[in-house]
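Observations on chain architecture
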Amino acid sequence: MKIIDDIFTPKTRAGLIVMTLKILIVGAGPAGCYLAQSLRKLLPECELTILDRLPVPFGLVRYGVAPDHQGTKAVTKQFARLFERQNVKFLGNICVGEDVQYRQLKDMFDIIVLSTGLSVDRPLGPKYSNLSNVYGAGQVTRFWNSHPDEANFLPSFGKNVIVIGNGNVALDVVRLLAKTPKDFSGSDISPKELGSGVEEIHLVGRSEASLAKFDPAMMRELSKIDQLKICLAEGSNLENDPDNKHIAAVHSVLAQSDDQKAKTLYLHFGCQIEDPIVQENVLTGINVSRDTKACKINGTSLITAIGFSDDGKLDRDTLIENAIDLENGHLEKGLYATGWFRRGPQGTIPENRIDAQRVAAKILVDYTDRSDLGHKPGYSALEALVTYKAVSYDEWRIIDRTECENAGEDRVRNKIKTVPEMLALIKTT
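Definitions and cut-offs
Residues numbered from 1 in each chain as written. Predicted model: local features only at pLDDT ≥ 70, side-chain atom pairs only at ≥ 80, totals over all residues. Heavy atoms only, no water. Helix = DSSP H or I, 4+ residues; strand = E, 2+ residues; numbered from the N terminus. Buried < 20%, exposed > 50% of the residue type's maximum accessible area, 1.4 Å probe, protein only. Pairing = 2+ DSSP bridges. Salt bridge = Lys/Arg side-chain N within 4 Å of Asp/Glu carboxyl O. Phe/Tyr/Trp six-rings, centres within 6.5 Å; stacked < 30°, edge-to-face > 60°. Axes fitted to C-alpha atoms, helices over the stretch in contact; angles between N-to-C directions. Parallel < 35°, antiparallel > 145°, perpendicular 65-115°, else oblique. Left-handed = near helix turned anticlockwise from the far one by under 90°. Contact = heavy atoms within 4.5 Å. Nonpolar A, V, L, I, M, F, W, Y, C, P; charged D, E, K, R; others polar. Arc of directions from axis to C-beta. 1 Å grid on protein atoms, 1.4 Å probe; cavity = no way out; pocket = protein on both sides within 12 Å on 5 of 7 lines; lining within 4 Å. Points joined across faces, edges and corners; volume = space filled by probe spheres on them.

1. Quick notes on the environment of Glu409
The residue Glu409 is located in the loop between α15 (393–405) and α16 (419–428) in this model. A relative accessible area of 70% places Glu409 in the exposed class.

Below, the structure written as structure tokens:
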């Protein structure tokens, strides 16, 4: 036991000896790692454990960020310091609700924070849900990132792909479809997972360009693809407002485009999505309307990028509805949330840092004067319960090192694609 000078107020602190506060973060993605950073600064003496259902840490950064955006993925280097230098524990390959129950975790930890994100693609509508060539952007991005959940997923895009949405996820999908194999030098995408044969891409958004949700820099990045011609779809309007950054970005990419390209991107703004055009359970196009005028867009596949929702495993809807203080991430006594689990599918990875700071500050306020805490067993009890299958941070480093050593030509790593392969590697090393 030790005196925790930085947790208690001077009045409460004087002469008081307490046990170490035990905190568990569920989810080792950017939201969870940013929270661990904040908690380590505000509560330096607390015991911090991060749990993840996969054997590997870093979640969305490893499996959700586009594989050609290695600069964004580099944030894992600062997250690694949590486990390597700041005494944060990692337990991977453990699923809450299967390998350990929530009530058991409550008996082990003073505080639990949910940072599992939102992983389910929001559907376009019931008429699109069962068509064989309609995919969610989240699933497609996980496939490109060699996520174990998509090991058996094999999309067929064809020559003419329709992408629904006008946010950054939609632009990621468009960019990855538009690039040629040589454009992926220095990435971590497997050559086997590249889409081939795509000739036309239709980016279809409900909003006008001025109200689109994409980052203008992401739109301008499309003009750097040598083989891509970008044009405004027939019937689409583009407002002339030089002060609007989104409109300016679209005008910029249109001005730089020419006809000597192998692939063409058509930008559709202000569209109302109507019924799909279907033959034998296969989508062959969609009907849309603009300003009450109907038109048809032909397509060999469709990818939806219209948001994400909860997988239902942690009963997020009930927790959010009954939250004590959702703004600051307090769900119920001893339970908190951060990242997309708290605020919904909005904001970039860096915005999770601000979110984490807010939630960490709330935890500090709530537990500053609680002398009844710190007596639970924490990490040691959880590790003992799941030791038969848990993956440690040192074991993750074996996976990490192997992937980098086997990167292959022009790649930074070659990801191990299934959990059994990861576990087999650990056992034999």
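Still to come is the rest of the account.
2. A closer look at the pairing of strand β13 (residues 293–298)
Direction of pairing for strand β12 (residues 282–290) relative to β13: antiparallel, over a ladder of six bridges. Paired with Val288 across the two strands is Cys295, which belongs to β13. Connecting the antiparallel pair β12 and β13 is a turn made up of two residues, with Asp291 showing a positive phi of about 50°.

3. Things to note about the pattern of salt bridges
Within this structure, the stated rule accounts for 20 salt bridges. Residue Asp355 pairs with Arg342 through a salt bridge whose shortest N-O separation is 2.6 Å. With a gap of 13 residues between them, Asp355 in helix α13 (residues 351–367) and Arg342 in helix α12 (residues 340–343) connect regions that are remote in the sequence. Comparing Asp355 with Arg342, the two get one shared label, buried. With a shortest N-O distance of 3.4 Å, Asp355 and Arg358 are connected by a salt bridge.

4. Quick notes on the packing of aromatic side chains
Under the criterion given, the structure shown has eleven aromatic pairs. When the centroid spacing of 5.0 Å and the interplanar angle of 85° are considered together, the rings of Tyr34 and Phe79 count as edge-to-face. With a gap of 45 residues between them, Tyr34 in helix α2 (residues 30–42) and Phe79 in helix α5 (residues 76–84) connect regions that are remote in the sequence. With respect to class, Tyr34 is no different from Phe79; both count as buried. Ring centres of Phe58 and Trp396 lie 6.0 Å apart, and the angle between their planes is 85°; this geometry places the pair in the edge-to-face category. One end of the pair, Phe58, is in the loop between β2 (47–51) and α3 (59–63); the other, Trp396, is in helix α15, with 338 residues separating them in the sequence. Residue Phe58 is classed as buried on the basis of its relative accessible area of 5%. Trp396 sits in the buried class, given a relative accessible area of 4%.

5. Observations regarding the packing of α2 against α5
Where α2 meets α5, the closest approach of the two axes is 10 Å, and the angle between their N-to-C directions is 55°. By the angle between their axes, α2 is oblique relative to α5. α2 and α5 meet at a crossing whose hand is left-handed. Residues Pro30, Cys33, Tyr34, Ala36 and Gln37 of α2 touch α5, and the partners they reach there are Gln78, Phe79 and Leu82. Class assignment for the residues of the contact of α2 with α5 results in six nonpolar, two polar and no charged.

6. Description of the sheet that holds β13
Within the open sheet, the three strands sit side by side as β11-β12-β13. Their pairing is antiparallel. Here the strands that pair on one side only, and so sit at the sheet edges, are β11 (272–279) and β13. Ignoring strand direction, the axes of neighbouring strands in this sheet form an average angle of 25°. Of the strand pairs in this sheet, β11 and β12 are connected by six bridges, and their pairing is antiparallel. Within the sheet, the bridge partner assigned to Ile277 lies in β12 and is Gly285.

7. Some details on the pairing of strand β8 (residues 200–204)
Within β8, four of the five residues are buried, which leaves it mostly tucked inside the rest of the structure. In terms of strand pairing, strand β7 (residues 160–164) meets β8 through five bridges, oriented parallel. Considered in β8, the bridge of Ile162 is made with His202. Two elements, β8 and strand β10 (residues 263–268), share five bridges in a ladder whose sense is parallel. Counted as the bridge partner of Ile201 is Leu265 from β10.

8. A look at α16
Of all the residues in α16, the buried ones are Met422, Leu425 and Ile426. Taken end-on, α16 shows its buried residues confined to a sector of 100°, consistent with a single buried face. Seen from the buried face of α16, the exposed residues on the opposite side, beyond 90 degrees, are Pro420, Lys427 and Thr428.

9. Let's talk about the packing of α15 against α16
Taken N-terminus to C-terminus, the directions of α15 and α16 make an angle of 105°; their axes are 9 Å apart at the nearest point. The orientation of α15 with respect to α16, classified from their angle, is roughly perpendicular. Contacts between α15 and α16 involve Glu395, Ile398, Ile399 and Thr402 from the former and Met422, Leu425 and Ile426 from the latter.

10. Concerning the layout of surface pockets
Approximately 470 Å³ is the volume attributed to the second largest pocket. Around the second largest pocket sit 20 residues that line it, and Thr76, Lys77, Trp396, Asp400 and Arg413 are the ones nearest its centre. Of all the secondary-structure elements, those providing two or more residues to the lining of the second largest pocket are α3, α4 (70–73), α5 and α15. Counted by class, the lining of the second largest pocket contains eight nonpolar, two polar and ten charged residues.

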